[in-house]
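Residue-level listing of the chains:
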Amino acid sequence: MFSLYGCTFLNNTLSGVSTQSSQRKISAPPPSVVVASVSSNGRPVDRNVSILMESTLKGMRDNAPSSSPSQSQVTEIEPASTVGGGVEDVYGEDTATEDQYITPWTLTVASGYPLLRDPHYNKGLAFTVKERDAHFLRGLLPPVVVSQELQVKKMMANMRQYQVPLQRYMAMMDLQERNERLFYKLLIENVEELLPVVYTPTVGEACQKYGSIFRQPQGLFISLKEKGRILEVLRNWPEKKIQVIVVTDGERILGLGDLGCQGMGIPVGKLSLYSALGGIRPSACLPVTIDVGTNNEQLLNDEFYIGLRRRRATGQEYAELLDEFMNAVKQNYGEKVLIQFEDFANHNAFDLLAKYGTTHLVFNDDIQGTASVVLSGLITALNLVGGTLSDHRFLFLGAGEAGTGIAELIALEISKQTNVPVEEARKKIFLVDSKGLIVKSRVETLQHFKRPWAHEHEPVRTLLDAVKVIKPTILIGSSGAGRTFTKEVVEAMSALNEKPVILALSNPTSQSECTAEEAYTWSEGRAIFASGSPFSPVEYNGKFYASGQANNAYIFPGFGLGLIISGAIRVHDDMLLAASEALAEQVSQENLDKGLIYPPFSNIRKISAQIAARVVAKAYELGLATRLPQPENLEKYAESCMYSPNYR
Ligand SMILES: O=C([O-])CC(=O)C(=O)O
Ligand SMILES: [Mg+2]
């Protein structure tokens, strides 16, 4: 028996080793990584073989200390059926299941050329001379050996050459497919510059053009054609130890509407943030797009469209596919896998969250993540505008997932702070939808998630009129409709308030309710402004105004990390409140002096660790954590669990 990177294996004789040209026998000089397997009895390799192989790899890949000398050690692993212990993940859990151990197998090792094509292990020019010899790379690379730091510098210089944002996006995706660690190092070290590339606003354009730019699968596509076979589809994914899934059905991609199957860019982007900002291992992340068709005529007529060419399934057909997916996920990955719902349309998002919130570890980023980020920004804004939350009046444009999600979390916080029932707290919050102010007389025709906001009030048709009669101190845009905070609206807010708080949350930039420049100009520099997508600092009357990015990217990576490392089995609203408070505490006096209500993204890993620590603490307090015993220093613990992109 021997130990490799914390995983214990039994030695045994190997037979039937493959000798394909790209693979070497196990007795060859030091292998780089184990990547392929064949059956010892000549039968074709079946799935169970690769499952164990891949989990084994995960152990090697993710658990290895960076200085581990055993990287070039020859590895012998017993036929799977007799391996007892399974593979421990980073949190010390045995994750392999019985049926992963049934087929006898042997292994071959990849080295040489295929190693340079494997994004998980490729280091490009950073392979040292010793590594080049050990892994049969001599001559395959030019002589120079460079550091990862120099690679980052070169990539950033290249990246800055591209004028068109979508070219930068594609360059980043290429890098992710070529050298994963370099991709994450680049992203982490240049987060403020690259976030708008891999995330909003550019990811929106990427989704719109996904059919044309599609090169490699970056996630799983589960369409109606896979009905009855979703478990099988999940098992086709090469990574087996999944901890976070971001899933969309593409019906409401950012504020861009129904992009069908091309919504895949969103789960891919969100999960790269999970790793870069929240430190979740890339191999533990699974992007999923459920394709039930699209009602987007333009896509249906686009010859490059990559999805099902049919109108959206609804009702039972839709519900059954989703149900099969949710059950298959639990069956395949256990109950502690986090499923993040992303960019579903309102008519499904609330129902899915309610339905699976009691049986799965689920989180809706658009309802809950955005709410937590906005509440945090408002808690911080109180330092600039004075008063407590309950002293303020809130007006929303948009009564969908984000609008009602934020409104509810604000009401919960007010209710907690002032000891009034949440129904009472809701009365300070008004919402306007496409038909005007949501009021009692409309209640019969309202969707269920809008009903708690139907207050006694006379009908009001427009946002401007609503501002005039409600007299809000805080105006929040979450409608997905761009340029709806007009000059008149911002001026009305500024006439009512010395420092109007204006949040234009809709994404991407084209859908923002107003620009930073408009907010500062029309309010004569008095607005406390933040937006979902980033804006550059604005000069007004000789003074520069920077604005914050009120985007759920501040919360979901750390929130998810907290859920995972505590072994949480359910999400609870109190965890969202804890996350909001943790984020608010990260805003410094210096930030506040500049009118910023969010901390800079450059500190995001530290911020995520703080958020995770608070979520972990809350999970234990609520009895929802399963990892025992509770770690002592939660922040240190969270940091110690975070993925590092440095080469080993
Ligand atoms: O993706 C983003 O930037 C924020 C978000 O969840 C959305 O707009 O749907
Ligand atoms: Mg979203």
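Residues numbered from 1 in each chain as written. Chains lettered and ligands numbered in written order. Predicted model: local features only at pLDDT ≥ 70, side-chain atom pairs only at ≥ 80, totals over all residues. Heavy atoms only, no water.

### Details of the pattern of salt bridges
Then, in step 1: Enumeration according to the criterion identifies 33 salt bridges in this entry.
Then, in step 2: Across the salt bridge formed by K270 and E342, the nearest N and O atoms sit 3.4 Å from each other. With a gap of 72 residues between them, K270 in helix α11 (residues 265-276) and E342 in the loop between β9 (338-341) and α14 (346-356) connect regions that are remote in the sequence.
Then, in step 3: With relative accessibility at 4%, the residue K270 sits in the buried group.
Then, in step 4: Since its relative accessible area comes to 1%, E342 is described here as buried.
Then, in step 5: As a salt-bridge pair, K416 and D574 come within 3.5 Å of each other at their nearest N and O atoms. (Salt bridge = Lys/Arg side-chain N within 4 Å of Asp/Glu carboxyl O. Helix = DSSP H or I, 4+ residues; strand = E, 2+ residues; numbered from the N terminus. Buried < 20%, exposed > 50% of the residue type's maximum accessible area, 1.4 Å probe, protein only.)

### With respect to the site of ligand 1
Then, in step 1: Close contacts around ligand 1 come from Y199, T200, R252, L254, K270, E342, D343, D365, D366, N507, N551 and N552, and that covers them all.
Then, in step 2: At 2.9 Å, a side-chain N or O of D343 approaches an oxygen atom of ligand 1.
Then, in step 3: Note that an oxygen atom of ligand 1 is positioned 2.8 Å from one of the side-chain N or O atoms of N507.
Then, in step 4: The protein chains hide 93% of the 260 Å² of surface that ligand 1 would expose on its own.
Then, in step 5: Tallied by class, residues from the shell around ligand 1 come to two nonpolar, four polar and six charged. (Near = heavy atom within 4 Å. Polar contact = N/O pair within 3.5 Å; in protein donor to acceptor, adjacent residues only side chain to side chain. Areas by Shrake-Rupley, 256 points an atom, 1.4 Å probe, with all protein chains shown as cover. Nonpolar A, V, L, I, M, F, W, Y, C, P; charged D, E, K, R; others polar.)

### As for the pairing of strand β8 (residues 285-291)
Then, in step 1: Counting buried positions over the seven residues of β8 gives seven, a clear majority of the element.
Then, in step 2: Going residue by residue along β8, you find C285, P287, T289 and D291 tucked away on one face and L286, V288 and I290 tucked away on the opposite face as well.
Then, in step 3: Taken together, the four bridges between strand β6 (residues 220-223) and β8 define a ladder with parallel strand orientation. Bridging across to β8, L220 finds its partner in V288.
Then, in step 4: Here strand β7 (residues 244-248) runs beside β8; their pairing, made up of five bridges, is parallel. Pairing of V244 across the sheet is with C285, part of β8.
Then, in step 5: With α11 bridging β7 and the parallel β8, this β-α-β connection has right-handed handedness. (Pairing = 2+ DSSP bridges. Right-handed = clockwise from strand over helix to strand, strands pointing away.)

### A few points about the sheet that holds strand β11 (residues 394-397)
Then, in step 1: Taken in spatial order, the seven strands line up as β13-β12-β11-β14-β15-β16-β19 in an open sheet, and their pairing is mixed. Whereas interior strands pair on both sides, the edge strands pair on one side only; in this sheet they are β13 (436-437) and β19 (548-549).
Then, in step 2: Here two bridges tie strand β12 (residues 429-433) to β13, and the two strands are oriented antiparallel to one another. When the sheet's bridge partners are listed, V432 is paired in β13 with L437.

### Here we look at the state of the cysteines
Then, in step 1: Considering all chains together, one arrives at zero disulfides under this definition.
Then, in step 2: Looking at C285, it has no disulfide partner, and the nearest cysteine sulfur is the one in C641, 14 Å off.
Then, in step 3: Classification of C285 by relative accessible area gives buried; the value is 6%. (Disulfide = S-S within 2.5 Å.)

### Section: the coordination of the magnesium ion (ligand 2)
Then, in step 1: Bound to the magnesium ion (ligand 2) are the protein donor atoms E342 (OE), D343 (OD) and D366 (OD), situated 2.0 to 2.1 Å from the metal.
Then, in step 2: Each donor residue of the magnesium ion (ligand 2) lies on one chain, and together they are spaced E-D-x22-D. Remark: D366 occurs in helix α15 (residues 365-385) and D343 occurs in the loop between β9 and α14; sequence separation between them is 23 residues. Side by side, D343 and D366 carry an identical accessibility label, which is buried. (Donors = N, O, S within 2.8 Å, 3.2 Å for Na, K, Ca; no water.)

### Brief notes about unusual backbone geometry
Then, in step 1: With an omega of 10 degrees, the peptide bond running from T200 to P201 counts as cis.
Then, in step 2: One can find P201 in the loop between α7 (191-198) and α8 (202-208).
Then, in step 3: With a phi close to 60 degrees, F136 is a non-glycine residue in the positive phi region.
Then, in step 4: In this structure, F136 sits in the loop between α3 (129-134) and α4 (148-161).
Then, in step 5: Phi at N419 takes a positive value of approximately 60 degrees, unusual for a residue other than glycine.
Then, in step 6: By the element assignment, N419 lies in the loop between α16 (401-418) and α17 (422-425).

### Comments concerning the environment of Y545
Then, in step 1: Take Y545: it is sitting in strand β18 (residues 543-545).
Then, in step 2: With a relative accessible area of 14%, Y545 lands in the buried category.
Then, in step 3: Along the backbone, Y545 and E517 are 28 residues apart, and their C-alpha atoms lie at a distance of 8.8 Å.
Then, in step 4: Among residues more than four places away in sequence, those in contact with Y545 are Y520, G525, P537, V538 and Y540. (Contact = heavy atoms within 4.5 Å.)

### Some remarks on the UniProt feature "binding site: (S)-malate" (unreviewed entry) in the protein chain
Then, in step 1: The sites that UniProt annotates as "binding site: (S)-malate" (unreviewed entry) are R252, N507 and N551.
Then, in step 2: Inspection of the secondary structure assignment puts R252 in the loop between β7 and α11.
Then, in step 3: Not counting residues within four places of it along the chain, the set of residues in contact with R252 comprises G257, D343, F344, A345, D366 and E401.
Then, in step 4: There is a polar contact of 2.9 Å between the side chain of R252 and the backbone oxygen of L254.
Then, in step 5: Within the fold, N551 resides in the loop between β19 and α21 (556-566). (UniProt positions renumbered as here; feature names shortened; annotations may be inferred.)

### Looking at the UniProt feature "domain: Malic enzyme N-terminal" (unreviewed entry) in the protein chain
Then, in step 1: In the numbering used here, UniProt assigns the feature "domain: Malic enzyme N-terminal" (unreviewed entry) to residues 176-357.
Then, in step 2: Along residues 176-357 one finds 47% helix and 11% strand; the C-alpha atoms at either end are 33 Å apart.

### Here's the deal with the sheet that holds β9
Then, in step 1: Taken in spatial order, the five strands of this open sheet run β6-β8-β7-β9-β10, and their pairing is parallel. Both edges of this open sheet fall to β6 and β10 (362-364), since each of them pairs with a single strand only. Neighbouring strand axes in the sheet, compared pairwise and without regard to direction, differ in orientation by 25 degrees on average.
Then, in step 2: Along the sheet, α15 makes contact with β9 and β10, crossing β10 at roughly 70 degrees.
Then, in step 3: Packing of α21 onto the sheet brings it into contact with β7, β9 and β10, and relative to β9 it is tilted by some 155 degrees. (Axes fitted to C-alpha atoms, helices over the stretch in contact; angles between N-to-C directions.)

### Focus on the environment of K618
Then, in step 1: One can find K618 in helix α24 (residues 604-621).
Then, in step 2: Each C-alpha atom, one on K618 and one on I414, is 19 Å from the other, the two residues being 204 residues apart in sequence.
Then, in step 3: The residues touching K618, leaving out its near neighbours within four places in the chain, are D574, M575 and A578.

### Looking at the packing of aromatic side chains
Then, in step 1: Counting across every chain of the model gives 14 aromatic pairs.
Then, in step 2: Ring pairing ties together the aromatic residues Y520, F529, F535, Y540 and Y545, which thus form one cluster.
Then, in step 3: Above the plane of the ring of W453 lies R426, whose end atom (NZ or CZ) is 5.7 Å from the centre. (Phe/Tyr/Trp six-rings, centres within 6.5 Å; stacked < 30°, edge-to-face > 60°. Lys NZ or Arg CZ within 6 Å of the ring centre and 35° of its normal.)

### With respect to the confidence of the model for the protein chain
Caution is warranted with low-pLDDT regions, since their predicted coordinates should not be read in detail.
Then, in step 1: Overall, the predicted model of the protein chain reaches an average pLDDT of 87, with 83% of residues at or above 70.
Then, in step 2: Predicted confidence is poor over residues 1-107, with pLDDT under 50, and the contacts of this stretch with residues over four places away or in other chains come to 219 contacts.
Then, in step 3: In the predicted complex, the global pTM is 0.86; the interface-specific ipTM is 0.99. (pLDDT = per-residue confidence, 0-100.)

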